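# Descriptive structure summary
Here is what each chain is made of, one letter per residue.
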Amino acid sequence: MASFCIEGELDKEYKQQKQKGVIRVDKLVKQQVLHNVWIQNKRKTILERHANVHEKPNIRWFEQNMNLDFPTSNHLHHPFHIRRAPIPTIGMPWPRPQTFETSDTKLYKIRKLSVKANFSNCHILQKAVQRYMNIFFTCSNVQFTNNLLHLKNSNFGFSMQKPSYEYLTSLEELRKLTFDVERCSNYPTLSSDESYTLRTSNGEIRIEAKDVWGTLRALETLSQLIICISNTFIIRKTRIVDFPRFPHRGILIDSARHFMSKTTIFQMLSAMEMNKINVFHWHLSDDQSFPYRSRTFPDLSGKGAYHPSLTYTQEDVKEIIEFARIRGIRVIPEFDTPGHSFSWGFGHPELLTQCYNGERPIPGDFGPMNPARNSTYTFLSAFFKEVLEVFKDQYVHLGNDEVPLACWNTNREVRKLFTRIKNTSMFKDKGTATWSFFTERLIKDVQKIAMERENGVKFILWQEAYQSNLNIPRDTIVQVWLGDQRLVEEVARQGYHVLYSSCWYINMIQYGVVWPKYYLCDPIGEGFRGKEDLVLGGEACLWSEYVTSETAIGLLWPKASAVAERLWSDKSLRDIDEAARRLEEHRCRMLRRGLTVGDISGPGFCAFESEKPSNLSEHIFQSQVVYSAKNQGIFKASAALVVVGMVLITLLTCTATRIGCFKILKRLVSR
């Protein structure tokens, strides 16, 4: 009943805001959707935790934080807690594989691996092996140290005991890495097969996959299983059968509110690879700026970008797509239409609708794209022709969210269009009918352009297009960002594919431990009554109104890792305490690979042996050395000039005064 009550409040809030013409995403999502994920079980969990008396102190999830809980008597109303991140696991994968069988008693050592593959010309596999070999054999010795081990009368420990060096050297060695791959596809798609099996036995690590994308996921899992102890690489005896629960597991990055540097995007893609995320939803235009540098319409970024340097060139986009492709990540561009398009007007004001106050145009006030002009569709056809040439994925995101219709009602040109639109009774008002007219015509134009494309084109639209009853193709993917499971059910029952994002707006910054909310949120929760096969997955979103390129990695990761496991692993995984230990290890793992990720479970630490200085420190050191060397050179040159000057003065003086040259030189030196 609690979830239905909250949903009713959400609908009420949404309708109230929509009537005002402005929808506050932060208010809706933060106050309603996020709290809906766990409210049903929260009260029960709290009561159970209060009722238990722990024999030994332990770290577990309690109310809003990971806490170190202590035994207490029942008469104490406020048990003693200390906020503390859990002790990380050792060599446990994230996200958790579907079938994961491992042994704590049977270990193997690895010194070097000879690679054998049935595909000799699969460059994606070749590059992946090169990339992961460096990761496999980069030793960061496991640190079996933690101050909690010194807590009296406790049973804290690590998930494995530190083996002796003699024992490590005596282990059986794995010498081969064998691949059995059926296909080597070129580009990842929605239907790509990412399944794989991984086995360690008989002197080899064996990976089997139906397509190369499965081998990429297997290599990432393998990199997390290999650990280094006393400068020796070891791995447990392991058998894995793995595949993703959902085919679309995405991250939305907004490059229009704050520009995201190419370096930041590469780091994002590397983090996505570590977490088996396979879609980079790239939000490339909005009201504030237009950073994509179009070769067809250069003024879009020439006048619409924040600054000429804050743009993505054609070469930049090509590099990003390639970087993603070889990691099995699709790049789906979003160019928002017809709303969220104010920045298009900096370079091409003719695209937008002039807003009026009576018969007077309001200076600088432009609404959505002008649906009444044929030139608008001609322009957009040429633009999206370029987009389909640059971006290789079958899907394009056309936005269609938060379209402010009021401006259209003030514009005489658009009002004339109102009278020519048929079947307006299907819509709430004439503005919505015009919105449907615009979207339907744009989609048909882009589909016509894509007829020459091998994979054609399909579209993703935000939920407003569905809720406003727009005439959209049946193969459209509807992305839900407001509302909960019931809206997902409804969209699926109407025959549309659906993505879920409502509870995964990670840019909504909150204090404390928040990842369990993301972890427990599920596109297909208990009691789901829709068509499950139409739910393709979901996306974690990082809108950048208050997020910059410098802070993006630390804000998104490893919180988005919780989303990654929800979308990849089995639905039954809901144990926060078990997940917390693996996630703590995964956070440290990401840091070791050079990703500046943020905190995840509160006070804790990551220990790295023989930590190398950062690149910045190295650059500073080198700069100081160069600067010091230059100073020494300048000093020596100056000293030489002084000496020469003194000698010349001495010679001239002694010649003029006939005083001994040695006496004069002695006086100058003493001065």
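Before reading on, note that the structure itself is shown above.
What comes next concerns the included structure. (Residues numbered from 1 in each chain as written. Predicted model: local features only at pLDDT ≥ 70, side-chain atom pairs only at ≥ 80, totals over all residues. Heavy atoms only, no water.)

## Remarks on the side chain of Arg-453
The following threshold applies: A run of H or I in DSSP becomes a helix once it reaches four residues, and a run of E becomes a strand once it reaches two; helices and strands are each numbered from the N terminus. Here the term buried applies to any residue with accessible area under 20% of the maximum for its type, exposed to any over 50%, and partly exposed to those in between, with areas from a 1.4 Å probe on protein chains only. Only four residue types enter the tally: Lys and Arg on the positive side, Asp and Glu on the negative side, with His and both chain ends excluded. Think of a salt bridge as a Lys or Arg side-chain nitrogen and an Asp or Glu carboxyl oxygen that are within 4 Å of each other. We call two residues in contact when some of their heavy atoms are within 4.5 Å.
Note on placement: Arg-453 falls in the loop between α14 (430-449) and β18 (458-462). For the buried Arg-453, no salt bridge exists, and the shortest N-O distance to an oppositely charged side chain is 7.1 Å, to Asp-393. Arg-453 has contacts with Leu-388, Phe-391, Lys-392, Asp-393 and Gln-394, leaving out every residue within four places of it along the chain.

## Overview of the state of the cysteines
Quick reminder of the rule: Defined by distance alone, a disulfide is two cysteine sulfur atoms within 2.5 Å.
Counting across every chain of the model gives five disulfides. Between the sulfur atoms of Cys-503 and its disulfide partner Cys-521 the distance amounts to 1.7 Å. Measuring handedness by torsion sign, the sulfur bridge of Cys-503 and Cys-521 sits at about -80 degrees and is left-handed. In this pair, Cys-503 sits in the loop between β20 (497-500) and α17 (515-520) while Cys-521 sits in the loop between α17 and β21 (535-542), placing the two residues 18 residues apart along the sequence. Classification of Cys-503 by relative accessible area gives buried; the value is 1%. Here Cys-541 stays free of any disulfide, with the sulfur of Cys-503 as its closest cysteine sulfur at 10.0 Å. Classification of Cys-541 as buried rests on a relative accessible area of 0%.

## What about the pairing of strand β1 (residues 58-62)?
Selection criterion: The rule for pairing is simple: two strands pair if DSSP sees at least two bridges between them.
Within β1, four of the five residues are buried, leaving the element largely enclosed by the surrounding structure. Sheet topology places β1 next to strand β2 (residues 65-69); five bridges connect them, and they run antiparallel. Looking across to β2, one finds that Ile-59 is bridged to Leu-68.

## Overview of the packing of aromatic side chains
Condition: Aromatic rings from Phe, Tyr and Trp, with only the six-membered ring used for Trp, were paired whenever their centres fell within 6.5 Å, and each pair was classed as stacked if the ring planes differed by under 30 degrees, edge-to-face if by over 60, and tilted otherwise. Any Lys NZ or Arg CZ that is within 6 Å of a ring centre and within 35 degrees of that ring's normal is treated as a charge sitting over the ring.
Across all of its chains, the model carries 29 aromatic pairs by this definition. For the pair Trp-462 and Trp-543, a centre-to-centre distance of 5.9 Å together with 45 degrees between the ring planes defines the contact as tilted. Residue Trp-462 is located in strand β18, and its partner Trp-543 is located in the loop between β21 and α18 (552-556); the two are separated by 81 residues in the primary sequence. Side by side, Trp-462 and Trp-543 carry an identical accessibility label, which is buried. Aromatic ring contacts, followed pair by pair, group Phe-259, Phe-280, Trp-282, Phe-290, Tyr-292, Tyr-312, Phe-335, Trp-344, Phe-383, Phe-384 and Phe-391 into a single cluster. One Lys or Arg, Arg-327, reaches over the ring of Phe-323 and ends 3.6 Å from the middle of that ring. Looking at Arg-566, its charged tip hangs above the ring of Tyr-519, at a distance of 4.8 Å from the centre.

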